[in-house]
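Structure assessment
For reference, the chains in residue letters:
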Amino acid sequence: MIVVMEKGASQEQVQHMVERVEGLGLKAHVIVGTERTVIAAIGVKREETRQSLESGPGVAEVVPILAPYKVASREVKKDPTQIVVGGLHVGAGAVGVIAGPCSVESEEQIVQTARAVKAAGASALRGGAFKPRTSPYSFQGLKEQGLKFLASAREETGLAIVTEVMSTEDVELVAKYADVLQIGARNMQNYRLLEAVGHTRNAVLLKRGPSATMEELLLAAEYILNEGNTQVMLCERGIRTFENHTRFTLPLASVPYLHHKTHLPVVVDPSHGTGHTYLVPDMAVASVAAGADGLILEVHPDPEKAMSDGYQSLSIPQFEATMLRCRKIAEAIGKQFG
Ligand code: PEP
Ligand code: MN
């Protein structure tokens, strides 16, 4: 249910209604909009709950939330959410760019990449320290050492750090070094992990599972939001289909669809979405044109020697050229880019 407050409702009235909602055994999420404040009341409701809230001071109306996801829904918050982490702005008119290697391989590699992507206009650095690999015999990441190298790259460049956390026991450690916690596609429905990142105050980049529906993605986001962490970005990274000309199938219609259903920003990953370097620049441009609020791109100073995903990574000159093209599109549709 949404408790919609009157336009001029006071702070005290909002607080009073939060207490009323909590008194009914429901969770209260206050959302301050440009027009008015609403309180999303989440939990199992009794028949009389609605009427009892409707009579509260400063309350305009109480309406049900029809979508199965609640806090993530556009019904609760009409204005798009912007996530700001250091210089990274994602959503509500800003297109943020997160770039860097698939895996952190050495201090030199990550610092060199960070400098180059920053010079080309990226605002955040990606790099996996804990890597979810299909084979246990593949490079698994440098783990805490990799996090330390990411921290040096941040110190050198000021870029916000985006890195994956794979398990609940690593959340505290990764959150110490990262600005944005990435939940990988394979973990989108690891509900204990979603709750654990929901308890942090780091922003979260939630990747779509390769066979997850949009509703499942939004309900996964809801797990994080429901723990009180409002800084969630969704990421379309491609899904598994019968097609094999690309590593995954990148459905860009999910961008406008998600904008329709949720206020959360939508980032696109054309690197994993296509799995081939030569397809990445055009799909990055197309993502911005489709309304993406951010891009996450794999960039490596020497893709041929990359320890993971070199075949889909952009070289630094390719990244620079892609940024120029994406910037033009963003400007043409009236968005800030970088
Ligand atoms: C990644 O971004 O490095 C990654 C492993 O992505 P995904 O979880 O989307 O496969
Ligand atoms: Mn990768």
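Residues numbered from 1 in each chain as written. Chains lettered and ligands numbered in written order. Predicted model: local features only at pLDDT ≥ 70, side-chain atom pairs only at ≥ 80, totals over all residues. Heavy atoms only, no water.

Overview of the overall build of the chain
Rule in force here: Secondary structure elements follow DSSP: runs of H or I of four or more residues count as helices, runs of E of two or more count as strands, with numbering from the N terminus. All radius of gyration figures rest on C-alpha atoms, and the globule criterion is 2.2 Å times the number of residues raised to 0.38. Residue exposure (1.4 Å probe, protein chains only): buried if accessible area is under 20% of the type maximum, exposed if over 50%, otherwise partly exposed. What makes two residues a contact is simply this: any of their non-hydrogen atoms within 4.5 Å.
Helix and strand counts for the chain come out as 11 helices and 15 strands. Computed over the C-alpha atoms, the radius of gyration of the chain is 21 Å, within 12% of the 20 Å expected from 2.2 N^0.38 for a compact globule of 338 residues. For the chain, the spread of C-alpha atoms along the three principal axes comes to 65 × 45 × 45 Å. Looking at the 338 residues of the chain, the share that counts as buried comes to 57%. Sequence separation of at least 24 residues holds for 67% of the intrachain contacts in the chain that already meet a minimum separation of 6.

Concerning the packing of aromatic side chains
For clarity, the threshold we go by: Aromatic rings from Phe, Tyr and Trp, taking only the six-membered ring of Trp, are treated as a pair when their centres fall within 6.5 Å; an angle between ring planes under 30 degrees marks them as stacked, one over 60 as edge-to-face, and anything in between as tilted. Charges are assigned to positions over rings by a cutoff of 6 Å between ring centre and Lys NZ or Arg CZ, combined with an angular limit of 35 degrees from the ring normal.
Applying the stated criterion to the full structure yields 1 aromatic pair. Seen from their ring centres, Tyr191 and Tyr223 are 4.4 Å apart, and the 25° between their planes marks the pair as stacked. Of this pair, Tyr191 sits in helix α6 (residues 191–198) while Tyr223 sits in helix α7 (residues 214–225); the two residues are 32 residues apart in sequence, bridging distant segments of the chain. The residue whose ring lies beneath Arg237 is Phe248, and the NZ or CZ to ring-centre distance is 4.1 Å.

Some details on the packing of helix α10 (residues 280–289) against helix α11 (residues 316–332)
Formally: The convention used is that axes are lines fitted to C-alpha atoms, helices contributing only their stretch in contact, and that angles between N-to-C directions extend from 0 to 180 degrees. For classification, angles of less than 35 degrees are called roughly parallel, those exceeding 145 degrees roughly antiparallel, those between 65 and 115 degrees roughly perpendicular, and all remaining angles oblique. Each crossing is labelled by how the near helix is turned from the far one, with a counterclockwise turn of less than a right angle marking it left-handed and a clockwise turn marking it right-handed. Under the convention adopted here, Pro, Cys and the residues Ala, Val, Leu, Ile, Met, Phe, Trp and Tyr are nonpolar, Asp, Glu, Lys and Arg are charged, and Gly plus all remaining residues are polar.
Where α10 contacts α11, the axes come no closer than 9 Å and their chain directions differ by 20°. Judged by the inter-axis angle, α10 sits roughly parallel to α11. The two elements α10 and α11 meet at a crossing, and its hand is right-handed. From α10, Pro281, Asp282, Ala284, Val285, Val288 and Ala289 reach across to α11, where they touch Thr322, Arg325, Cys326, Ile329 and Ala330. Residue composition of the contact of α10 with α11, by class: 8 nonpolar, 1 polar and 2 charged.

Describing the sheet that holds strand β2 (residues 27–32)
Rules: A pair of strands is considered paired only if DSSP assigns at least 2 bridges between the two.
With antiparallel pairing, the 4 strands of this open sheet are ordered in space as β2-β3-β1-β4. Of all the strands in the sheet, the pair left with one neighbour each is β2 and β4 (59–63). Looking at each pair of strands side by side, their axes are set apart by 20° on average, direction ignored. Pairing analysis gives 6 bridges linking β2 to strand β3 (residues 37–42), with the strands arranged antiparallel. Looking across to β3, one finds that Val32 is bridged to Thr37.

Things to note about helix α1 (residues 11–23)
Which entries qualify depends on this criterion: Given a helix with a known number of residues, its expected span is that number minus one, times 1.5 Å.
Its 13 residues give α1 an end-to-end C-alpha distance of 18 Å, which sits within 8% of 18 Å, the value for a rise of 1.5 Å per residue. Summarising the contacts, the buried residues of α1 are in contact with β1 (2–5), β2, β3, α2 (49–54) and β4. Following α1 by one or two positions, Gly25 has its phi on the positive side, about 80°.

Thoughts on the coordination of the manganese ion (ligand 2)
Rules: Coordinating N, O and S atoms are those within 2.8 Å of the metal (3.2 Å for Na, K and Ca), and as water is not part of the atoms, a site may appear to have fewer donors than expected.
Protein ligation of the manganese ion (ligand 2) involves Cys102 (SG), His272 (NE2), Glu298 (OE) and Asp309 (OD), the donor distances falling in the range 2.0 to 2.4 Å. Donor residues for the manganese ion (ligand 2) sit on one chain with the sequence pattern C-x169-H-x25-E-x10-D. Of this pair, His272 sits in helix α9 (residues 270–274) while Asp309 sits in the loop between β14 (294–298) and α11, and the two are 37 residues apart along the sequence. Classification of Asp309 as buried rests on a relative accessible area of 8%.

Looking at the nonpolar core
Counted only if it meets this: Here, the term nonpolar core denotes a set of buried Ala, Val, Leu, Ile, Met, Phe, Trp, Tyr and Cys residues that are joined through side-chain atoms within 4.5 Å. Domain delimitation in this document rests on an assignment produced automatically or drawn from a domain database.
Leu125, Leu206 and Phe319 are the most contacted members of the largest nonpolar core, which has 81 residues in total. Formed jointly, this core draws a minimum of three residues from each of two domains, domain 1 (2–63) and domain 2 (83–337). In this view, Leu206 contacts Ile183, Met188, Leu194, Leu217, Ala220, Ala221, Ile224, Met233, Leu234 and Cys235; residues no more than four positions away in its chain are not counted. Within the second largest apolar cluster, 15 residues are counted, among which are Ile83, Val85, Val180 and Ala203.

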